Each structure stands twice: as C-alpha cells, then as structure tokens.
Amino acid sequence: MFRLRRRVYLDNNATTMVSHPVRKQMNYVLEHCYGNPSSLYKIARNSALILQESREQIAHTINAAPHEIIFTGSASEANNTILKALAEHHYPGKKKIISTPIEHASVMTTLEYLQTRGITVEYCRIDEKGRVDIDALEKQVDEQTFLICIMLANNETGALQDLAKISGIAHNRDVPVMADCVQALGKIEVDVRRLGLDYATFSAHKIHGPKGVGALFVREGRFFSPLIHGGHQEEGKRAGTEGLHNIAGFAAACKDVDKMLVKSQKTRELKEYFVDELGKLKPGIVINSPEAGQCLPNTVNISFPGVSNAVFMAYLDYNGIAVSAGSACNTQEDAPSHVLKAIGLTDEQARQSIRFSLSTEITLKDITYVLKVIEDFLHREKSPISVVTPAQLNENLLMDPRTYLLDIRFGYDRKILSSLPNSHEAAFVTIHKYIDQIPRDKNILVVCQAGYNSPIVSYYLKSKHFKNVGFLLGGMVAWRLLHPGLYKKLGGQNVEKLKAGGKR
Ligand code: PLP
C-alpha cells in the first residue's frame, strides 16, 4: 500500500504547537518565579511584575488597556463568565440575547443553559457561507435585548463577521456586544476598539501558547461580575492563584502575533493553491468556507461528495496528516457539525466534510505531500480496510466464528450502549498494548461509538500487518438504531475485556 512518511499538522484551529519563545518564557517562569504574585515579599514581587507585563502585552496586542484584561483558565470559562454575568444582571428586566447558530460549544451550550433559566435566545439569520444577515439582525434588536453575542471568526469554516458594523447597530440601541475572538487572534488583526467590542474572549493555545489559559476583555465601564469567587486575584474579578507560567506563555505568544499576521498572507496563498489543486483531483468538491476577505486565511472546510469523512480522516492520519471533521465523536448521538447544518448542509453532506486549518509554518512541500496522499485515497481502486454497514452486520455475521469484534470504545460510551455480543473490549488510546491478543487469522471488525475512532484503529492494525480488517460504519449508535430488537436480545452478552500487555 502507498505510504509516505511525513507529519503534516492541518488542525491548527483545534490547537497549535507551542512555539519556542513561549516554551522558553514558560520554563523561565517555572524555574525562577514560583512566588505567589499576591504575596508582598521580594521572591513574589518578580511574579507580580511578570503578571503585570503579561497583562500589558496582551492588552497591547488587542488595543485594550491593561485593566480591561482578566485572565481565565480558558476561553470557554471567559465565554461562560460574560454570558452568565449579564444574564443574571438583566433578568427578569430584560430577557433576550441575540446570537448566531454557529457559535462555539462554549457559547452554544451556555446559551442553552440560560434558556432553562428564563432567558430568550434568538439566533440571527446567516447565509450559506455562515455570514450574518446584518439587516435582519438589526430588526431583531428590541427593548428586551441585553446582549448581542457573535463570534468574530468561525472555528469550522473560517467565516468572518463584520463586527464593526454590528457593534455600530447595537450601540445605537444601547446594547453591548460580546465577541468570541479565539480563532481570529493571530490570523487577522483584532482591535477591540476598532471593532467596537464591549466584551471579547481569547485563548492562548490557538496562537502557539499553552493550553489552560484564556483572557477576557471587558471594556472600561461595562458591567462585570465574577463567575469564580474566592481570593482577590484579578482585582476580585476571577479568583484562584494565577497560573503564571501559562499567563507568561500567553503573553510570549502575543508578542509574535504581528509576525503571524505578516506570514498569514503566504498561508492564504498556500490554502488557495491547495483548494485549486483539490478541485482538479476531485471536480465535485464543495467549498463550505467563504471567499478570501470574508474567511480566515488558514481555514477551509470542504465537502467531498460520496466520501465518508471518518474513513478519509483515518487514511490521512495513517499517512501522518492531522485534520478534523468538526464533528463530535464518542457522544451519545452521532451528531454532525451544528455549524455545517446551520449553513444548510444535510447530515450526509456534513459527514462528507473536512476542515483543513493551516499554520504559518506549513510549507509548499507539506501541501504537495497532502495532495499526493489525497490523490491516492480518492483514486485508489480498493480500500485497504473494509467498511461494514449496520445493515450488513446482522445476526449471522455477529455469530460467525471467523468474525472478531474489537470494541475500542471508552468506558463512558459503554455505559450508554452495551457492547455487541462476543465483543473483545480494548481501549482506543492504548490499542498498541492489546495487539498481541488480537488473532491474525480472523476478520477483525473494529467498533466504536459513532464510527470515527474505528477507522483510525483499523488503519493502525493494517500497518501492523493484520490481513482482514474492517470497521462498523456509524458505530454502535447507528447499529443500535437499525437493530433495536437484536440489541435488546444480545447486547452485552459474552463480552471479554482484553488485558493490556497480555500475551495471547
Ligand atoms: N471559541 C472558539 C471559537 C474556539 O475555537 C475554542 C476552542 O476550540 C474556544 C472558544 C474554547 O477555547 P478553550 O479551549 O480555551 O476553552
């Protein structure tokens, strides 16, 4: 089978590699600045200084004042903080938040939660590229509206919103604007004043900084109340001893934002070249992202008609290429991306879509390699792994002694759905520890919860020279839906837990 050895990371909207200057600064802080920034003695004063300088750096990067920055444990926390604070402050006098149907989960699920507490959430109209219909939005603003919450750049498609215009409209009606700017920072200019934002949220790990630290911009004079109560850190706005190494790493990453913006023009060109070449390889592909100018320079979401993204991603992974589907896995429901659905894709089209998100370090050589692998995948005559549909996996196949069912789900998924009868349970992330127990003379059928992890393990087994390997399309979720009777009758019977590291 065709296989080149190179690693290409095209999932930079999920997270980014920690840069060298960031690591250096974090190591320095870990080694030398263990003092608590709130303490008064000399050992701690350097920590307080680093905290202050980091705040100044981050403020400078987004054109805010240092006292307008609050450090948090993540952008998810920052999003939760603002939404919950404003809802609590305004309810029941005002009840309405206007948002979009394509926000990140940390906004979407918080809005869902707030709806259970009496808040009304209205999602504004977006076009087929995910761009907000601003005229329609303007008409939605009424005296009940206490917040407009719209992300600057979408994580799945890269769609950008005209927040300067939206803020203008909102402020005419005295409504504040909150923007999730997590994906925008480092890819396009983010100037909270030019955009007219009242609240904005950021995350270090999307700009080559560390995971576990976010920042919240609250414009001077705007309402704020803390989510986390306790000590007086962050001027009483966010309790908890500061993760100084993370904060300093965030600031170091921000120092390089200007360089990232300069390099992003090249990233945009590489992305456009990639998309053009893909169009030649498979003329029917559909680009779900907006045109340049209305899209992040590094992001493109593409549907490949007739191609299951689970199988495609597994093949790319097998060849060292990391991409994402923007679709949940290991969840109770095999839910396709809410963003792609909101811009009009069917479930099937969403399951044929892949997000490629480049970094400024990606080279033409990387892209050429990725194109070669994709060409091989799209034009190959026979897949090295077989795909078994839920309909094919009937009682006969389940009970066939030549079938070896390998269930690689997580424990919490097994609590939701029992395993297929005669399954052998192993853990997905440590599958290499079970390899000696898996028979080589049988037809291995890998099963996961929703059909996303099993192709990856199937390719892994293939690379270990297992002859007949396949996976269950749509996983346990799809199989149970089609065979409720069989599931009730046989689910969970005769299941064996494989022992990690054990010999057969
Ligand atoms: N908002 C957007 C648009 C994101 O892409 C992400 C991360 O995936 C977040 C918020 C959450 O960031 P964090 O991982 O810091 O909680």
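Once a new chain begins, its residue numbering starts again from 1 and follows that chain's sequence as written. pLDDT decides what is reported in this predicted model: residues at 70 or higher carry local features, side-chain atom pairs at 80 or more are listed and counted, and totals for whole chains, interfaces and linings draw on all residues regardless. Here the side-chain values reflect all heavy atoms present in the structure, with hydrogen atoms and water set aside.

Enquirer: Before we go on, may I ask you to explain the domain arrangement of the protein chain in this structure?
Expert: Interfaces are often sized by the accessible area lost when the parts come together. A domain assignment, automatic or from a database, supplies the domain bounds used here. As far as domains go, the protein chain holds domain 1 (8–16 + 259–379), domain 2 (20–255) and domain 3 (386–497). In this structure, domain 2 and domain 3 have C-alpha centres spaced 42 Å apart.

Enquirer: Explain a nonpolar patch on the surface here, please?
Expert: Taken together, Y34, Y41 and I43 make up a surface patch of nonpolar side chains, about 390 Å² in accessible area. Helix numbers and strand numbers start at the N terminus; a helix is a DSSP run of H or I with at least 4 residues, a strand a run of E with at least 2. Counting through the fold element by element, I43 comes out in helix α2 (residues 42–62). Each patch groups residues whose relative accessible area exceeds 30% and which form no salt bridge, using 9 Å between like charges and 5 Å between nonpolar side chains of Val, Leu, Ile, Met, Phe, Trp and Tyr. What sets the accessible areas is the Shrake-Rupley method with a 1.4 Å probe; for residues, cover comes only from the shown protein chains. The working definition used for a salt bridge is a side-chain nitrogen of Lys or Arg within 4 Å of a carboxyl oxygen of Asp or Glu.

Enquirer: Would you explain the packing of α2 against helix α8 (residues 244–255) in this entry?
Expert: Packed helices, taken two at a time, are described by their axes: the angle between them and the distance between them. Lines fitted to C-alpha atoms define the axes here, with helix axes fitted over just the stretch in contact, and angles between the N-to-C directions of these axes take values from 0 to 180 degrees. Where α2 meets α8, the axes come as close as 9 Å, and the angle between the chain directions of the two elements is 35°. As for how α2 packs across α8, the hand of that crossing is left-handed. Contacts between α2 and α8 pair S47, I50, L51, S54, Q57, I58 and T61 from the former with L244, I247, A248, F250, A251, C254 and K255 from the latter. Here the nonpolar group is Ala, Val, Leu, Ile, Met, Phe, Trp, Tyr, Cys and Pro; Asp, Glu, Lys and Arg are the charged ones; every other residue, Gly included, is treated as polar. Within the contact of α2 with α8, the residues separate by chemical class into nine nonpolar, four polar and one charged. Crossings are sorted by hand: turned counterclockwise from the far helix by less than a right angle, the near helix makes the crossing left-handed, and turned clockwise it makes it right-handed. In what follows, residue pairs with any heavy atoms lying within 4.5 Å of each other are defined as contacts.

Enquirer: How do you make sense of unusual backbone geometry when you look at a structure like this?
Expert: Glycine aside, residues mostly have negative phi angles, and peptide bonds mostly take the trans form. Here the residue pair Y91 and P92 is connected by a cis peptide bond, since its omega of 5° sits within 30 degrees of zero. Here P92 lies in the loop between α3 (75–90) and β3 (96–99). The phi torsion at H465 lies on the positive side, around 70°, for a residue other than glycine. When you line up the elements, H465 lands in the loop between α16 (453–463) and β17 (469–472). When a residue's accessible area, from a 1.4 Å probe over protein chains only, is under 20% of the maximum for its type it is buried; when over 50% it is exposed; and in between it is partly exposed. Relative accessible area serves as the criterion here: at 67%, H465 is assigned to the exposed category. For N494, which is not a glycine, the phi torsion comes out positive at approximately 55°. Counting through the fold element by element, N494 comes out in the loop between α18 (484–490) and β18 (496–497). The exposure class of N494 is exposed, given its relative accessible area of 59%.

Enquirer: How should the site of the ligand be read in this particular structure?
Expert: Taken together, 13 residues are adjacent to the ligand, and S76, D180, Q183, S203 and K206 come closest. Any pair of N or O atoms that falls within 3.5 Å is considered a polar contact. Within protein, one atom must be able to donate a hydrogen and the other to accept it, and sequence-neighbouring residues count only if both atoms are side-chain atoms. In this structure, D180 approaches the ligand through a side-chain N or O atom, which is 2.6 Å from a nitrogen atom. Protein burial of the ligand: of its 400 Å² of free accessible surface, 86% is covered by the chains. Considering only residue class, the shell around the ligand consists of three nonpolar, eight polar and two charged. To be near a molecule or strand, a residue needs just one of its heavy atoms within 4 Å of it.

Enquirer: I'm lost on the environment of E103 in this one. Help?
Expert: In this structure, E103 sits in the loop between β3 and α4 (105–116). The sequence separation of E103 and A153 amounts to 50 residues, and the corresponding C-alpha distance is 9.3 Å. With residues near it in sequence (within four places) discarded, E103 still touches M108, C149, I150, M151 and H338. At a separation of 3.1 Å, a polar atom in the side chain of E103 contacts the main-chain amide nitrogen of M151.

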